[in-house]
Amino acid sequence: MSFDSVPIWAVLLATIVLVFLAIEVGLRLGKTRRLQGGGKLEVSGAMVGAAMGLLAFMLAFTFNGAAGRHDARKTLIIEEANAIETAWLRAGFLADPYRTDSRGLLRDYVDLRVKAARGEVEIAEALRGSEALQEKMWALAVEVGQKNPASITAGLFIQSLNEVFDLHLKRVTVAIRNRVPPTTWITLYLLMAVGMAMMGAQLAQSGTRHFGIELALAVSFSLVLLLITDLDRPQQGFITVSQQALTELQTKLKAR
């Protein structure tokens, strides 16, 4: 089972539980050492601070990558909407039936993209449908180009279709293929477990527990990881990418 298949709410709960378990392990190690006569398990504040600093660096690095991809998705949607509208306008220079067929396929293409963004169509199905529509559009473009090899308008239409297809690949790459690697998630959780265990051992040296502080710490780290997870999953969670550019284009194309 991949990390992406884990629900976002489960990530939050699992992180909170992990933090508490790691702190508890550190506490028990410290107490066991004292009971066995080995003295205190010396864990200095500097060591805990170094572990927490390294964890903070990894969190910042991962968050920055996820936020960058989120911004890239928003930009690509606007670029794709502009490219599709350009192809639609340039298709108007073609003679019928190529003009009507090309515009009909572009309208279906936008409808499918909007449905996929809203979750009305599965991503895999949307990808297959998009590629099928691209093949039909390209077949029309090839036929137009072969009949009018010297036509400037046909060349401009083919160029605009190329841009639409390129942006499709970019969106698929940024939204689906480029995600936080599993090794990064494993590293984050291992660093968190080690750091919290060291903190628990330090608490064992003082002989006192502060449950409220432990809870605040667990929730704080869990919320940061929840935010990173949310940013990394464009089709899930609370932070979604606005599809306004495509929905406005959909309305515009249906009105024409």
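Scroll up a little and you will see the structure.
Chemist: Quick question: what am I supposed to make of the nonpolar core here?
Modeler: Grouped burial of nonpolar side chains is what soluble globular proteins tend to show. Among the nonpolar cores identified, the biggest contains 35 residues, and Ile 84, Leu 106, Met 137, Leu 161 and Val 164 are the most heavily contacted of them. Dropping the residues within four chain positions of it, Val 164 is found in contact with Ala 83, Ile 84, Ala 87 and Tyr 109. Listed in part, the 30 residues of the second largest apolar core include Val 48, Leu 188, Met 199 and Ala 218.

Chemist: Could you clarify how one ought to interpret the packing of helix 3 (residues 98-118) against helix 8 (residues 244-255) in this entry?
Modeler: To describe two helices that pack against each other, one gives the angle between their axes and the distance between the axes. As a packed pair, helix 3 and helix 8 sit with axes 10 Å apart at the nearest point and diverge in direction by 145 degrees. Helix 8 is crossed by helix 3, and the crossing has left-handed handedness. From helix 3, Leu 106, Arg 107, Val 110, Asp 111, Arg 113, Val 114 and Arg 118 reach across to helix 8, where they touch Leu 246, Thr 247, Leu 249, Gln 250, Leu 253 and Lys 254. When its residues are assigned to classes, the contact of helix 3 with helix 8 shows 6 nonpolar, 2 polar and 5 charged.

Chemist: Sorry if this is basic, but what is going on with the environment of Thr 15 here?
Modeler: Mapped onto the elements, Thr 15 comes out in helix 1 (residues 8-35). Given a relative accessible area of 0%, Thr 15 falls into the buried group.

Chemist: Explain the pattern of salt bridges here, please?
Modeler: Counting across every chain of the model gives 8 salt bridges. Among the ionic pairs, Asp 71 bridges to Lys 74, the shortest N-O distance being 3.6 Å. Placement of both Asp 71 and Lys 74 in helix 2 (residues 45-91) is noted, with a separation of 3 residues, approximately one turn of the helix. Judged by its relative accessible area of 41%, Asp 71 falls in the partly exposed class. Close ionic contact of Glu 85 with Lys 252 constitutes a salt bridge, the shortest N to O distance being 3.0 Å. Of this pair, Glu 85 sits in helix 2 while Lys 252 is found in helix 8, placing the two residues 167 residues apart along the sequence.

Chemist: I tried to follow the side chain of Arg 113 on my own but got confused; where do I start?
Modeler: With respect to the secondary-structure elements, Arg 113 resides in helix 3. In this structure the side chain of Arg 113 is engaged in a polar contact, spanning 2.8 Å, whose partner is the side chain of His 168. Once you skip the residues sitting within four places of it in the chain, Arg 113 turns out to touch Glu 80, Ser 130, His 168, Arg 171 and Leu 246.

Conventions and cut-offs
Residues numbered from 1 in each chain as written. Predicted model: local features only at pLDDT ≥ 70, side-chain atom pairs only at ≥ 80, totals over all residues. Heavy atoms only, no water. Core = buried A, V, L, I, M, F, W, Y, C linked by side-chain atoms within 4.5 Å. Buried < 20%, exposed > 50% of the residue type's maximum accessible area, 1.4 Å probe, protein only. Contact = heavy atoms within 4.5 Å. Axes fitted to C-alpha atoms, helices over the stretch in contact; angles between N-to-C directions. Helix = DSSP H or I, 4+ residues; strand = E, 2+ residues; numbered from the N terminus. Left-handed = near helix turned anticlockwise from the far one by under 90°. Nonpolar A, V, L, I, M, F, W, Y, C, P; charged D, E, K, R; others polar. Salt bridge = Lys/Arg side-chain N within 4 Å of Asp/Glu carboxyl O. Polar contact = N/O pair within 3.5 Å; in protein donor to acceptor, adjacent residues only side chain to side chain.

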